[in-house]
Every structure is written in C-alpha cells, then in structure tokens.
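Remarks on the overall topology
If you want the building blocks of each chain, they are given just below.
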Protein chains: 2
Amino acid sequence: MRAAADILRQHRLPVTAQRVAVLSEVSRRPHATADEIAEGVRVELGSISRQSVYNVLTVLTDKGIIRRIQPADSAARYEDRVGDNHHHLVCRACGHTQDVCCAKGHAPCLTAHDHHGFAIDEAEVIYWGLCPACQRKPKR
Amino acid sequence: MRAAADILRQHRLPVTAQRVAVLSEVSRRPHATADEIAEGVRVELGSISRQSVYNVLTVLTDKGIIRRIQPADSAARYEDRVGDNHHHLVCRACGHTQDVCCAKGHAPCLTAHDHHGFAIDEAEVIYWGLCPACQRKPKR
DNA sequence: AAAAGATTTTGACATTGTCCAAATCACCGG
DNA sequence: CCGGTGATTTGGACAATGTCAAAATCTTTT
Ligand SMILES: [Mn+2]
Ligand SMILES: [Mn+2]
Ligand SMILES: [Zn+2]
Ligand SMILES: [Zn+2]
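To keep things clear, this report deals only with the structure shown in the data block.

Conventions we followed
Each residue is numbered by its place in its chain's sequence as written, counting from 1. Each chain takes a letter, starting from A, and each ligand takes a number, starting from 1, following the order in which they are written. In keeping with the predicted nature of the model, local features appear solely for residues at pLDDT of at least 70, side-chain atom pairs appear and are counted solely at 80 or more, and the whole-chain, interface and lining totals rest on all residues. The side-chain quantities take in all heavy atoms of the structure and omit both hydrogens and water. Ligating atoms shown are N, O and S within 2.8 Å of the metal, or 3.2 Å for Na, K and Ca, and water is not included, meaning a site may look less than complete. Comment: elements are numbered from the N terminus, with helices defined as DSSP H or I runs of at least four residues and strands as E runs of at least two. Buried residues are those whose accessible area, probed at 1.4 Å on protein chains only, stays under 20% of the maximum for their type, while exposed residues exceed 50% and partly exposed ones sit between those limits. Counting rule applied: Lys, Arg positive; Asp, Glu negative; His and chain ends not counted. Throughout this description, the term salt bridge denotes a Lys or Arg side-chain nitrogen within 4 Å of a carboxyl oxygen of Asp or Glu. Throughout, a residue-residue contact means that at least one pair of heavy atoms, one from each residue, lies within 4.5 Å. The near set for a molecule or strand comprises every residue that places at least one heavy atom within 4 Å of it. Two N or O atoms form a polar contact when they lie within 3.5 Å of each other; inside protein one atom must be a possible hydrogen donor and the other a possible acceptor, and for residues adjacent in sequence the pair counts only when both atoms belong to side chains. Charged means Asp, Glu, Lys or Arg here, nonpolar means Ala, Val, Leu, Ile, Met, Phe, Trp, Tyr, Cys or Pro, and polar covers whatever is left, Gly included.

Considering the coordination of the manganese ion (ligand 1)
Residues and elements named next belong to chain A. Looking at the manganese ion (ligand 1), one finds its protein donor set to be H31 (NE2), E79 (OE), H86 (NE2), H88 (NE2) and D99 (OD), positioned 1.9 to 2.3 Å from the metal centre. All donors to the manganese ion (ligand 1) come from one chain, and their sequence spacing reads H-x47-E-x6-H-x1-H-x10-D. With a gap of 20 residues between them, E79 in strand 3 (residues 77-79) and D99 in strand 5 (residues 97-100) connect regions that are remote in the sequence. Look at D99 and you get buried, because its relative accessible area is 15%.

Re the side chain of R19 of chain A
All names here are of chain A. Locating R19 in the fold gives a position in helix 2 (residues 17-28). No salt bridge is formed by the buried R19; its nearest oppositely charged neighbour, D62, is found at 9.9 Å. Contact partners of R19, with chain neighbours within four places excluded, come to L8, L13, P14, V56 and V59.

Brief notes about the protein's contact with DNA strand D
Around DNA strand D sit 18 residues in total, of which T16, R19 and S52 of chain A together with V15 and Q51 of chain B are the nearest. What you see for DNA strand D is that sugar and phosphate hold 63% of its atoms within 4 Å of the protein. For DNA strand D, a phosphate oxygen lies 2.4 Å from a polar atom in the side chain of T16 of chain A. Put simply, the parts of the chain that give the surface near DNA strand D at least two residues each are helix 2 and helix 4 (50-62) of chain A together with helix 4 (50-62) of chain B. Considering every element that reaches the surface near DNA strand D, the biggest residue donor is helix 4 of chain A, with 5 residues. Of the residues belonging to the surface near DNA strand D, the class tally is 8 nonpolar, 7 polar and 3 charged.

Here it is as structure tokens:
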C-alpha cells in the first residue's frame with residue numbers, strides 16, 4: 001500500500017498533515033465513522049477540527065480514493081477498499097461491519113428484473129444479522 | 001386492504017385518531033418520510049405532534065404492520081408492504097423510491113458466500129441510479 | 001361513569017452534518 | 001530561500017432527524 005502523501009499527490013491534491021492523517025486512519029481502521037477517524041487522527045496530530053475531518057473525507061470520496069457507506073442506524077463509515085464492488089455484513093446489535101465478497105463479479109452485480117426505467121449504476125447489498133460475539137451475548 | 005382501525009385492534013393496540021391517520025397515510029403514500037407523513041396526517045386531523053408521528057411509526061414497525069427503510073442521504077421511509085421481501089430502486093438525484101421484486105424468492109434472498117460467522121436474517125438490496133424524470137434533466 | 005393504564009404533547013436535548021468567514025498553510029516562481 | 005496566491009483549516013452558527021422525560025389527555029375496561 002502506497003504512502004498516503006503519494007496518493008494525494010497522484011490525485012493533484014495539496015498534501016496537508018490533516019489529509020495524510022485522515023487517509024492513513026481510514027486505511028488503518030476500515031469502516032470507521034467520522035468521529036472515530038477524528039479520534040484516531042488526534043492521537044497522531046494532537047488535534048484536528050471536526051470540519052476538516054468532514055472536508056477531507058469528502059474530497060477523498062469525491063476523488064474515488066475512499067468509499068463512504070451509510071448503513072441504517074449508523075453514522076457514515078469510510079473505507080480504503082474501492083473499486084472491488086464488495087458488500088457488507090452488518091451486526092444489528094453492535095454495528096460491527098465486515099467485508100464480504102460480491103457473489104457476482106462486477107458492478108452492478110445484480111440486475112433488477114424490472115428496473116422501471118431507472119438507469120442503475122450500483123447494486124448495494126447489506127446483509128443484516130448478528131456478529132459472532134453478539135450471538136453469544138444473552139438475548140433479551 | 002382492511003381499515004386501519006381493524007388492523008390496530010387485531011394487534012391489540014388501542015385505537016387512536018393519530019394511529020389510524022398515520023397508518024392510513026403510510027398506506028396511501030408508500031415510501032414517505034416521517035415529515036411527509038406528518039403533513040399528510042395534518043390534512044386529515046388538523047394537527048399531530050412530531051413526537052406522536054414517531055411514536056406511532058415505531059410501534060407499527062415493531063408490530064410488523066409497516067416497514068422502515070433507511071436509504072443513505074434520506075430520512076427513514078415507511079411502507080405498508082411487509083413480508084414480501086421486495087427491494088428498492090432509489091434515484092440519486094431526487095430520492096424517488098420504487099419497489100422492485102426480489103430476484104430470488106424469500107428472505108434472505110441472497111446468501112453471502114463466506115458469512116464470517118454472522119447469523120444473517122436479511123439481505124437488503126438497494127439499486128442506485130437515476131429515475132426516468134431525472135435522466136431527462138440537464139446533467140451537471 | 002370512574003379508574004387504570006396507555007398515548008399524546010411539549011420542550012429540551014443528542015447526533016451527525018453543512019455553511020460561512022477569517023486565519024493559516026502549501027506550492028510555485030523568482 | 002522568500003513572497004504571493006489560491007486552497008485548506010478552523011471555529012461557530014445552524015439544520016435535519018431523532019430521542020427523552022414528565023405532564024396532560026385519551027381508551028378501555030369495570
Ligand atoms: Mn468494506
Ligand atoms: Mn417498498
Ligand atoms: Zn455484534
Ligand atoms: Zn429522480
């Protein structure tokens with residue numbers, strides 16, 4: 001995996017400490033929320049504004065360097081792995097998010113039978129359930 | 001379709017004007033948000049508190065009378081059609097949401113190849129794209 | 001018709017984001 | 001290496017969507 005700074009330069013984005021730290025954190029901790037990323041970055045950098053975290057995540061997402069996913073009942077999550085059209089397993093209890101390979105190959109990996117005239121560009125699949133840890137916890 | 005009041009009684013829920021109106025509105029206008037439902041109910045009832053709309057939607061959802069869906073970049077939406085495991089086509093531009101039959105039969109209609117020990121109870125599929133109307137609008 | 005329990009309301013509060021203007025920084029050219 | 005310039009970062013206000021809790025009101029049941 002290339003260094004964050006190189007990736008930024010490659011996309012002609014000015015290299016700033018905040019961008020390097022946010023991108024590194026996203027790589028280090030897949031599926032983290034903006035807040036979790038901010039925490040991680042503060043360990044590295046000492047501080048970063050909430051707004052900058054959002055700014056950086058947005059520009060990286062727009063450039064296609066990272067991907068944003070937004071499962072129900074959770075803040076948006078971000079990840080490094082782009083372009084491989086994988087899907088997610090999400091725990092209803094703790095929100096733990098796990099990558100899962102696409103059953104088919106490329107996007108869109110499913111075709112709606114009757115697409116009602118929509119021009120579909122992505123089929124998003126989220127498998128909901130309980131992660132192994134939460135299955136063991138007392139149910140109520 | 002049975003009258004809202006009957007459905008409520010059938011589930012042993014006290015029948016109130018607010019519940020009847022909210023449930024009717026959800027039936028009448030599939031995939032509406034809580035705010036849109038509130039507007040609709042106010043036409044019927046004159047007024048309803050924001051909190052009651054949420055209370056009613058929550059109890060109806062918990063009883064399985066309606067279903068809540070939460071596409072990215074949109075408030076939660078509600079619908080009548082439960083238990084048929086259908087999916088959705090969502091317009092990236094205007095949020096218009098269209099039902100689409102499940103490619104397979106029952107839930108979970110897809111099986112993750114490697115499910116990483118998760119106990120999966122639902123495979124949620126959202127097809128993203130542009131609705132016919134938004135395809136015609138000038139792109140920018 | 002009254003009692004008991006559930007629902008509705010009101011108003012405060014939480015979370016997750018976005019908007020804007022001022023301060024600061026990164027990069028380029030000399 | 002030093003400014004200048006345009007982009008980025010910050011801080012603070014604000015917006016959207018929900019949730020919490022207590023008091024008032026309604027439904028159901030005797
Ligand atoms: Mn992933
Ligand atoms: Mn639907
Ligand atoms: Zn879990
Ligand atoms: Zn549209």
